[in-house]
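Here is what each chain is made of, one letter per residue.
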Amino acid sequence: MSSAGAGQQQFRYTQTPSKVLHLRNLPWECAEEELVELCKPFGKIVNTKCNVGANRNQAFVEFADLNQAISMVSYYASSSEPAQVRGKTVYIQYSNRQEIVNNKSSGDVVGNVLLVTIEGVEAGDVSIDVIHLVFSAFGFVHKIATFEKAAGFQALIQFSDSGTASEARNALDGRSIPRYLLPEHVTSCLLRISFSAHTDLNIKFQSHRSRDYTNPYLPVNPSAIDGTLQPTLGPDGKKKEPESNVLLASIENMQYAVTVDVLHTVFSAFGTVQKIAIFEKNGGMQALIQYPDVATAAIAKDSLEGHCIYDGGYCKLHLSYSRHTDLNVKAHSDKSRDYTVQDAGILAVPQAPGVPTVGTGWQGSSQMFAGPQAPATSSQIPGWDPSSHSYVSAPVTYPGQTSAPSVPPYPGAGAIPTVAAASPTASQLISQYGMQPTGQHSSGTGAAQPPYY
DNA sequence: AGCACA
């Protein structure tokens, strides 16, 4: 209910007080800490939002109590000394909003790896050497991976620590790469920088799109030299796809929902499945399945390739090697699973049926990459939860500890539906678990999750 | 020097 019928005409002296203060004319380098230093004498700060506005020199500060915000505004309204940050006068007024919507999702969670979006350029315009040059000004750059996405040309840049990464981000976010480093036809080249959830990029080759500066002896990827992407399946069959312990499965004719549990059941027939991630790709569904070693993955790949999870040609599997070696996935969600994390496993499922666990509705610009230099097929992984960082960095991969849960994902159901044998072993396993398409599973529990295809 | 965005 707005009391003023006059519309947006709000004058300085009649602004309604708010716990949220709007600060402008801040210095460019203004960090949240400096903001807090300025404001905390007046009360408890519960939230901030920095780098607001076209010039990124505005900010919002939210106090716990309205009176605290009022005290700050009135103090500086009558003070002879203006509010300052690093000697620069800061203008303070009540925000026209009553609270800061917490926008600190994923991209603002600091880390040592930056996600850089380079706006207004083609991928070929900015070489990896230029990127390296620009970011090396802030410290040793360990690794760089570049890729193209809907958002544009992007790069993951790994520093030693989050402090260095923060400095680089604070200095370069919203800035442009100097003209003289760019081709002449490039008119603008704005950098948008956020933090990646990654802590260590997985660079397999030195190429025009990825570098590992800590390992100069890393082999040069021959197929990456000419700029062509690695195909997921070699059309002539001669493409030597590098083997991997991670399989990329695309699922064709998906008449039934294929869940993480279903995939786990199928792929566990060949060995311990460590991690699974499901994502949408071009309207179809794909999944990454991680085994502890290449040999197991190879067996699974050969055995399952072209086979269907369900009878009647449903959910046909096409397998290739991923370029990932260690998936960066949330330990337990409807789209991903990390079976190497025991305590977050199936036993600890807190959510009641029908209650959505995590809002995976938005993925935003900070998409997850299990490894850099992802091929085009996996360079659009939308389904992974950006908040997975909390689990990923935990080095819990003891060699013998990576075990799949011995509990069948489905208790023995009487009716064994049409389950086709992808391989004899898989067939036995599936039958013994009484697996049924989860798309139909929802008929039992009224409020179950809808199928997502 | 004048209000963010999933």
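Each residue is numbered by its place in its chain's sequence as written, counting from 1. Written order decides the labels, with chains lettered from A and ligands numbered from 1. Totals for whole chains, interfaces and linings use all residues, but because this is a predicted model, local features are given only for residues with pLDDT of at least 70 and pairs of side-chain atoms are given and counted only at 80 or more. Excluding hydrogens and water, the side-chain figures rest on all heavy atoms present in the structure.

Per an unreviewed UniProt entry, chain A is named Polypyrimidine tract-binding protein homolog 1-like isoform X1, and its organism is Dioscorea cayennensis subsp. rotundata. According to the UniProt record, the Function (unreviewed entry) comment for chain A reads "Plays a role in pre-mRNA splicing. Binds to the polypyrimidine tract of introns. May promote the binding of U2 snRNP to pre-mRNA." UniProt positions are given in the numbering used here, feature names are shortened, and annotations may be inferred rather than shown by experiment.

Trainee: Help me understand the pairing of strand 14 (residues 284-290), please; the structure alone is not making it clear to me.
Mentor: Regular strands show a simple pattern: their side chains alternate between the two faces of the sheet. Classification of residues uses two cut-offs on accessible area relative to the type maximum, computed with a 1.4 Å probe and protein chains only: under 20% is buried, over 50% is exposed, and between them is partly exposed. Elements are defined by DSSP. Helices are runs of H or I of four residues or more, strands are runs of E of two residues or more, and each kind is numbered from the N terminus. Strand 14 sits mainly inside the fold: 6 of its 7 residues count as buried. At least two DSSP bridges between two strands are needed for those strands to be called paired. The pairing of strand 12 (residues 246-252) with strand 14 spans 6 bridges and is antiparallel. From the neighbouring strand, V246 faces strand 14, where its bridge partner is Q290. Bridging between strand 13 (residues 275-281) and strand 14 involves 7 bridges; their strand directions are antiparallel. Residue pairing for strand 14: I278 is matched across the bridge by A287.

Trainee: What's the story with the environment of R323 in this structure? I'm lost.
Mentor: Locating R323 in the fold gives a position in the loop between strand 16 (314-321) and strand 17 (336-338). Sequence separation between R323 and S244 is 79 residues; the distance between their C-alpha atoms is 6.5 Å.

Trainee: So what exactly am I meant to see when it comes to the pairing of strand 3 (residues 58-63) here?
Mentor: Inspection of the sheet shows strand 1 (residues 20-24) paired to strand 3 by 4 bridges, in the antiparallel sense. Residue pairing across strands places V20 opposite E62, the latter belonging to strand 3. Note: strand 2 (residues 45-52) against strand 3, 5 bridges, orientation antiparallel. Directly across from T48, in strand 3, lies its bridge partner V61.

Trainee: I would appreciate a short explanation of helix 4 (residues 162-172) in the present structure.
Mentor: Side chains of residues three or four places apart in an α-helix project in the same direction, reflecting 3.6 residues per turn. Regarding helix 4, the residues found buried are T164, A165, S166, A168, R169 and L172. Here, residues are in contact when the closest pair of their heavy atoms is within 4.5 Å. Of the surrounding elements, those touching the buried residues of helix 4 are strand 2, strand 7 (113-119), helix 3 (128-136), strand 9 (152-159) and strand 10 (190-195). Two N or O atoms form a polar contact when they lie within 3.5 Å of each other; inside protein one atom must be a possible hydrogen donor and the other a possible acceptor, and for residues adjacent in sequence the pair counts only when both atoms belong to side chains. In this structure D161 caps helix 4, since a side-chain oxygen of it lies 3.1 Å from the backbone nitrogen of G163. Of the residues one or two after helix 4, G174 is the one with positive phi, at around 85°.

Trainee: Before we go on, may I ask you to explain the packing of aromatic side chains in this structure?
Mentor: Any pair of aromatic rings gets described here by the distance separating the centres and the angle formed by the planes. Stacked, edge-to-face and tilted are the three classes for Phe, Tyr and Trp ring pairs, Trp counted by its six-membered ring, which pair at centre distances within 6.5 Å; planes under 30 degrees apart are stacked, over 60 edge-to-face, the rest tilted. For the structure on display, the rule yields 5 aromatic pairs. With a centroid separation of 5.4 Å and 55° between ring planes, the pair formed by F42 and Y75 is classed as tilted. Of the two residues, F42 sits in the loop between helix 1 (32-39) and strand 2 while Y75 sits in helix 2 (residues 66-78), which places them 33 residues apart along the sequence. Residue F42 is classed as buried on the basis of its relative accessible area, which comes to 17%.

Trainee: It is not clear to me how the nonpolar core should be interpreted in this structure. Could you clarify?
Mentor: Across soluble globular proteins, you tend to see nonpolar side chains buried next to one another. By size, the foremost hydrophobic cluster in this structure holds 30 residues, and its most contacted members are V258, L263, F267, Y291 and I309. Where this core is concerned, the elements lending two or more residues are strand 12, helix 5 (260-267), strand 13, strand 14, helix 6 (294-304), strand 15 (308-310) and strand 16. Top element by residues in this core is helix 5. It accounts for 5 residues. Leave out the neighbours within four places in its chain, and Y291 touches N245, L247, F267, F270, G271, T272, V273, Q274, T296, A297 and A300. By convention a nonpolar core is built from buried Ala, Val, Leu, Ile, Met, Phe, Trp, Tyr and Cys residues, the set being connected through side-chain atoms within 4.5 Å. By size, the runner-up hydrophobic cluster in this structure holds 26 residues, among which are A155, L172, L191 and I193.

Trainee: Explain the sheet that holds strand 6 (residues 91-94) to me, please; I cannot follow it from the model alone.
Mentor: Strand pairing in a sheet is mediated by backbone hydrogen bonds. Such pairs are either parallel or antiparallel. Pairing is antiparallel in the open sheet, where 4 strands are placed in the order 2-3-1-6. The open sheet terminates on both sides in strands that have one partner only, identified here as strand 2 and strand 6. Each neighbouring strand pair of the sheet contributes to a mean axis angle of 20°, computed without reference to strand direction. Here strand 1 runs beside strand 6; their pairing, made up of 4 bridges, is antiparallel. Bridge assignment links L23 to a residue of strand 6, and that residue is I92. The sheet contacts of helix 1 involve strand 1, strand 2 and strand 3, and relative to strand 2 the element is tilted by about 130°. Axis lines are fitted to C-alpha atoms, over the contacting stretch for helices. Their N-to-C directions set the angle, which ranges from 0 to 180 degrees. Across the face of the sheet, helix 2 comes into contact with strand 1, strand 3 and strand 6 while running at roughly 140° to strand 6.

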